[in-house]
Amino acid sequence: MQIFGVDIGGSGIKGAPVDLDRGDLAQERLKVLTPHPATPDTVADGVKEVIDHFGWTGPVGITFPGVVTGGATIRTAANVDKSWIDTDARALLGERLGGLPVTVINDADAAGVAEMQFGAGRDRRGTVIMLTFGTGIGSALFIDGVLVPNTELGHLELDGHDAEKRASSKAKEDHDLSWEHWAHRVQAYLAHVEMLFSPELFIIGGGVSRKSGKFLHFVEGIKAEMVPAQLQNNAGIVGAAMRAAKEG
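These notes cover the structure that comes with them.

Parameters at a glance
- Residues numbered from 1 in each chain as written.
- Predicted model: local features only at pLDDT ≥ 70, side-chain atom pairs only at ≥ 80, totals over all residues.
- Heavy atoms only, no water.
- Helix = DSSP H or I, 4+ residues; strand = E, 2+ residues; numbered from the N terminus.
- Expected span 1.5 Å × (residues − 1).
- Buried < 20%, exposed > 50% of the residue type's maximum accessible area, 1.4 Å probe, protein only.
- 1 Å grid on protein atoms, 1.4 Å probe; cavity = no way out; pocket = protein on both sides within 12 Å on 5 of 7 lines; lining within 4 Å.
- Points joined across faces, edges and corners; volume = space filled by probe spheres on them.
- Axes fitted to C-alpha atoms, helices over the stretch in contact; angles between N-to-C directions.
- Parallel < 35°, antiparallel > 145°, perpendicular 65-115°, else oblique.
- Left-handed = near helix turned anticlockwise from the far one by under 90°.
- Contact = heavy atoms within 4.5 Å.
- Nonpolar A, V, L, I, M, F, W, Y, C, P; charged D, E, K, R; others polar.

1. As for helix 6 (residues 179-197)
In this model, helix 6 (19 residues) spans 26 Å end to end at C-alpha, consistent with the 27 Å of a helix rising 1.5 Å per residue. Among the residues of helix 6, Trp182, Ala183, Arg185, Val186, Tyr189, Leu190, Val193 and Glu194 are the ones counted as buried. Backbone geometry just downstream of helix 6 places Ser198 in the positive-phi region, at approximately 45°.

2. Observations concerning the layout of surface pockets
The volume enclosed by the largest pocket comes to roughly 820 Å³. Lining the largest pocket are 43 residues, with Phe133, Gly134, Thr135, Ser169 and Gly207 sitting closest to its centre. At the level of secondary structure, the elements contributing two or more residues to the lining of the largest pocket comprise strand 1 (2-8), strand 2 (12-19), helix 3 (107-118), strand 9 (127-133), strand 10 (137-143), helix 5 (169-174) and helix 7 (235-247). Ranked by residue count, the leading element in the lining of the largest pocket is helix 5, at 4 residues. Volume-wise, the second largest pocket comes out at about 200 Å³. If you trace the second largest pocket, you find 14 residues lining it, with Val113, Met116, Gln117, Gly145 and Met242 closest to the centre.

3. Section: the packing of helix 1 (residues 40-54) against helix 2 (residues 89-96)
Packing of helix 1 against helix 2 leaves a shortest axis separation of 10 Å and a crossing angle of 50°. Classified by the angle their axes make, helix 1 and helix 2 are oblique. As helix 1 runs across helix 2, the sense of the crossing is right-handed. Between helix 1 and helix 2, the residues in contact are Pro40, Asp41, Ala44, Asp45, Val47 and Lys48 and Leu92, Leu93 and Arg96, respectively. Classifying every residue of the contact of helix 1 with helix 2 by side-chain character gives 5 nonpolar, no polar and 4 charged.

Read these as layout, nothing more, since geometry by itself doesn't imply function.
What follows is the structure in structure tokens.
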């Protein structure tokens, strides 16, 4: 079974048809740059461009980098334009896509759902936290495999700042940090999250997951097991498609 997944991020909008039996992309994904400002209309145009590229006419799952309630309404927009707040994203995107059935889910929640089904969290019980390091830091919290949605742990305070302003991969680039220096910031952040939730497992996702060998060994003193996301930066696309299939 195939369903289309789209992952809206602060820097890129990427998507592809997903083979839900394998938990992997059915075709090579297409990525377009996230427009600036990233308003509802301009982002919707980017989503349409990705989907039109494949000639897709079925259900679509779409991630959003913020809190999504009721599978539709946007409540926060830290890394896109603030005009998204209170937007009915499902209605907006469905209309822009010519009436295709649309499902919307928080981006990190989507990535976490995919990793728990097909990746590093498969068959894991207890408390598992997926963290996606990109333009910001997304989080997905699971208790015995059940998602606690919209946790947004990237906005915890760290050293007097929003954690994602200190420890996201964008912060690494903006401040030209070495992998080791950045890993120490990630370590401080993980220690704070661990103090609050005592997880058995951290899954490290986002674009940096494919480069885990460059930094994870610098992270010390964390009691929980730490592993890179197996689906790497495709996890959000897969999870979006999974949610669309579930709601369809």
